[in-house]
Amino acid sequence: MSNELKFRVPRVQPYFSRLKNHWTWTAKSLLTPSQALRERVQGKVILLTGASSGIGEQVADKLADAGAILLLVARNRDKLEMIASAIQQRGGQAFVYPGDLSDLETCDRICEQALQDHGRVDILINNAGRSIRRSIKFTYHRFHDYERTLQLNYLASIRLAMNLLPGMEARDEGHIINVSTVGVQANPARFSAYLASKWALEGWTWVAANEFAHTGVRFSSLNYPLVRTPMIAPTKIYRYMPVMSPETAVNWMLDIIITQNKRKLGIFGKGALAMYYLLPKTSESIVNLSYQSVFEEPPANYLSSKVRAGNAANTASGKRQHRA
Ligand SMILES: NC(=O)c1ccc[n+]([C@@H]2O[C@H](COP(=O)([O-])OP(=O)(O)OC[C@H]3O[C@@H](n4cnc5c(N)ncnc54)[C@H](OP(=O)(O)O)[C@@H]3O)[C@@H](O)[C@H]2O)c1
């Protein structure tokens, strides 16, 4: 193998058609959004994960009504079948692919089956997600919190992409949408496991976008704020906070499908990002103040740091006495 550096002439023409497309579709999304959506998705095969609940469930309905062929993925088969049958009764096309995406072989199996059944996937929406709200100090003995979030939010998403990207690359057409959160900009306390997995997903998305920019394959990230779905229902404090409605969340998704923009981020996310870079210490103090102000129940089998440190010291002194 030669160690010589080899160069090629890069293709720059696609940048110009991409720019033109961007303005054309942005105008369409503002002026005639329903028609633009139909134009974008009619007859397209869309694999949507997390389709059994929350944002995914409602997005599935809208996309199917706009003429897309929906492949619905989640663990709950009964729920998926209910959603698919309601779509079919309205004259739409939806097929169910149940499975636990935390298992990477299941991700492969679902993609293989989907490609066998439909020949291609034009749009992949990585929407299935798991959130964990817990302080780092309460996760010392819960390393699996980090594993579970990474497994679903990051690894499963890129495993699906790895299966479906070759077809998109060969057709020089495709769109991968990764659902993230505004937490990536705001870094709220108690979400270390969840946010680390979404940061990883976004990191992958931006590198992929850069590598495929001269092709017809696009990558997008949706940075949702809190949305009123079953995901946030267990957290009492969110019941009293103003949060985004599922309908608005669905519109964000439809808008990014039309425009194929790289990111959808609201005003709060932009503000948080600016604060973080311009006034990093102030931003940290604001988050920390809110962190300290809200009491958090420790998990059932939690041992305080003092008890842990005491146990560790006892074990160490026991070992020393034993050696003596
Ligand atoms: N709600 C919010 O405040 C908020 C804010 C920012 C970002 N987000 C993101 O938005 C996306 C959608 O969330 P949502 O609010 O609509 O939540 P949701 O109502 O709890 O829905 C989560 C979906 O993921 C599926 N899922 C969970 N674990 C799975 C697994 N192991 N394998 C396959 N599917 C699995 C669930 O279906 P099954 O249980 O049937 O498997 C369900 O369809 C997530 O990526 C989330 O991180 C939500």
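Scroll up for the structure.
Everything in this summary refers to the structure shown in the same document. The structure displayed is predicted, hence computed values, not measured ones. (Residues numbered from 1 in each chain as written. Predicted model: local features only at pLDDT ≥ 70, side-chain atom pairs only at ≥ 80, totals over all residues. Heavy atoms only, no water.)

Remarks on the site of the ligand
Around the ligand, the surrounding shell holds 30 residues, and the nearest of these are S53, R75, Y194, V227 and T229. G50 places a polar main-chain atom, nitrogen or oxygen, 3.2 Å from an oxygen atom of the ligand. Computed on the free molecule, the ligand has an accessible area of 880 Å², of which 91% lies beneath the protein chains in the complex. Where the shell around the ligand is concerned, the elements lending two or more residues are α3 (54–65), β5 (174–181) and α8 (192–211). (Near = heavy atom within 4 Å. Polar contact = N/O pair within 3.5 Å; in protein donor to acceptor, adjacent residues only side chain to side chain. Areas by Shrake-Rupley, 256 points an atom, 1.4 Å probe, with all protein chains shown as cover. Helix = DSSP H or I, 4+ residues; strand = E, 2+ residues; numbered from the N terminus.)

Examining the sheet that holds strand β3 (residues 93–96)
Taken together, seven strands build an open sheet; the order of strands is β3-β2-β1-β4-β5-β6-β7 and the sheet is parallel. Single-partner strands in this sheet number two, and they are β3 and β7 (263–265). Strand-to-strand twist across the sheet, computed as the mean angle between neighbouring axes with direction ignored, equals 15°. Sheet analysis places strand β1 (residues 45–49) next to strand β2 (residues 69–73), joined by five bridges and oriented parallel. Residue pairing in the sheet places L48 in a bridge with L72 of β2. (Pairing = 2+ DSSP bridges. Axes fitted to C-alpha atoms, helices over the stretch in contact; angles between N-to-C directions.)

So, the pairing of strand β4 (residues 123–126)
Of the two faces of β4, the one carrying I123 and I125 and the one carrying L124 and N126 are both buried. Of the strand pairs in this sheet, β1 and β4 are connected by three bridges, and their pairing is parallel. Across the sheet, the residue bridging to L48 is I125, located in β4. Note: β4 against β5, four bridges, orientation parallel. In the sheet register, I123 faces β5, and the bridge partner there is H175. The parallel pair β4 and β5, bridged by helix α6 (residues 144–171), forms a crossover whose chirality is right-handed. (Buried < 20%, exposed > 50% of the residue type's maximum accessible area, 1.4 Å probe, protein only. Right-handed = clockwise from strand over helix to strand, strands pointing away.)

Remember that the coordinates give geometry; whether it matters functionally is a separate question.
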